[in-house]
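# Remarks on the overall topology
Chain by chain, the residues:
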Amino acid sequence: MRSDVIASFHLVRYAGVDAMRYMAFDRPKLRAAPGLRFWRLLGTGRGRSMSLGADLRRWALFAVWDDEAGLDDFLERSTIAARWRAEAEESWHVRLVPLASRGRWGGRDPFEVLPASPRTSARHGGSGPVAVLTRASIRPARLPAFYRSIASVDRALRHEDGCLASVGVGEWPLARQATFSLWKDEAAIARFAYREGAHRGVIGRVRGEDWYSEELFARLVPYGSQGTWDGRDPLRAHSQG
């Protein structure tokens, strides 16, 4: 990964459920977008973590760009971004610098990770908000156990002070699931990962019972957010709190 590679996350809510057609129509446009090296169009859940409930009016895009100029060009010139501006009831967009990543998504590391660059370290400064992306392909035989267990994690996230916002997303119903979340700092992530009983218990079962055929865990530094997510910008609300 070159040091100028950045990622972006876009969360868009439309007026009606017919917006799901864009999941098909936008794919050729994204394949042709200059500077876009990795992308996934994602449906969203109703809870804060992976869940069975789907919100058919809200959709997401996760993208990795060769550089910031590629993202700027997409936001200024693409018909996808123009539609977001024209048709979305609500949208939230954030730029992200990859901090660390392990695992694969569709057989690829989206970031081709190198050690954190000076640019990343300077932007983060060792503190401040951190975004977390988790993604998993769940083995079919493990789906019932997974969904029985994940509800407790969803409840725990709702009461987690260190979590600024979180949404469950997925590229394929049930079996290919992900979560995008924002945290006050890395200490808050560590507290939830290692001290929160529900999450720690699920992770133990994931490892012990081999639930996933593929997984990815990435930490990213968020900056340059625009718009609102459920009526507010969680990063701006945190900085002003």
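Everything below is about the structure shown above.
Residues numbered from 1 in each chain as written. Predicted model: local features only at pLDDT ≥ 70, side-chain atom pairs only at ≥ 80, totals over all residues. Heavy atoms only, no water.

The next thing to look at is the packing of helix α1 (residues 22-31) against helix α3 (residues 79-87). Here α1 crosses α3 at 140°, and the two axes come no closer than 10 Å. Taken together, the axes of α1 and α3 are oblique relative to one another. From α1, Tyr22, Asp26, Lys29 and Leu30 reach across to α3, where they touch Thr79, Ile80, Arg83 and Glu87. Within the contact of α1 with α3, the residues separate by chemical class into three nonpolar, one polar and four charged. (Axes fitted to C-alpha atoms, helices over the stretch in contact; angles between N-to-C directions. Helix = DSSP H or I, 4+ residues; strand = E, 2+ residues; numbered from the N terminus. Parallel < 35°, antiparallel > 145°, perpendicular 65-115°, else oblique. Contact = heavy atoms within 4.5 Å. Nonpolar A, V, L, I, M, F, W, Y, C, P; charged D, E, K, R; others polar.)

Our next topic: the pattern of salt bridges. Taken as a whole, this structure holds 14 salt bridges when the rule is applied. Across the salt bridge formed by Arg21 and Asp18, the nearest N and O atoms sit 3.1 Å from each other. Relative accessible area serves as the criterion here: at 35%, Arg21 is assigned to the partly exposed category. Look at Asp18 and you get partly exposed, because its relative accessible area is 48%. For Arg77, the salt bridge goes to Asp73, with nearest N and O atoms at 2.8 Å. Note that Arg77 and Asp73 are positioned in helix α2 (residues 68-77) at a spacing of four residues, about one turn of the helix. Accessibility expressed as a relative area gives 64% for Arg77, which makes it exposed. One continuous salt-bridge network, built from bridges that share partners, spans Arg40, Arg135, Glu171 and Glu214. (Salt bridge = Lys/Arg side-chain N within 4 Å of Asp/Glu carboxyl O. Buried < 20%, exposed > 50% of the residue type's maximum accessible area, 1.4 Å probe, protein only.)

Turning our eyes to something else, we now look at the packing of aromatic side chains. Within the structure shown, the criterion is met by ten aromatic pairs. Summarising the aromatic geometry, the rings of Phe62 and Phe111 are spaced 6.2 Å apart at their centres and angled 80° between planes, so their arrangement reads as edge-to-face. Of the two residues, Phe62 sits in strand β3 (residues 54-65) while Phe111 sits in the loop between β4 (90-103) and α4 (118-124), which places them 49 residues apart along the sequence. With centroids separated by 5.9 Å and ring planes inclined at 70°, the aromatic side chains of Phe74 and Trp84 adopt a geometry described as edge-to-face. Residue Phe74 is found in helix α2, and its partner Trp84 is found in helix α3; the two are separated by ten residues along the sequence. Here Phe74 matches Trp84 in class, with each residue buried. Cluster of aromatic residues (ring-pair linked, three or more members): Phe9, Trp92, Phe180 and Trp229. When the ring centre of Tyr22 is taken as reference, the NZ or CZ atom of Arg83 above it lies at 3.6 Å. (Phe/Tyr/Trp six-rings, centres within 6.5 Å; stacked < 30°, edge-to-face > 60°. Lys NZ or Arg CZ within 6 Å of the ring centre and 35° of its normal.)

Bringing a nonpolar patch on the surface into the picture now. Together, Val17, Met20 and Leu56 make up a nonpolar patch on the protein surface, roughly 250 Å² of accessible area in all. Its location among the elements puts Val17 in the loop between β1 (6-13) and α1. For Val17, a relative accessible area of 47% corresponds to the partly exposed category. (Patch = residues over 30% accessible without salt bridge, like charges linked within 9 Å, V, L, I, M, F, W, Y side chains within 5 Å. Areas by Shrake-Rupley, 256 points an atom, 1.4 Å probe, with all protein chains shown as cover.)

From the geometry alone we can't say anything about function, so treat these as descriptive.
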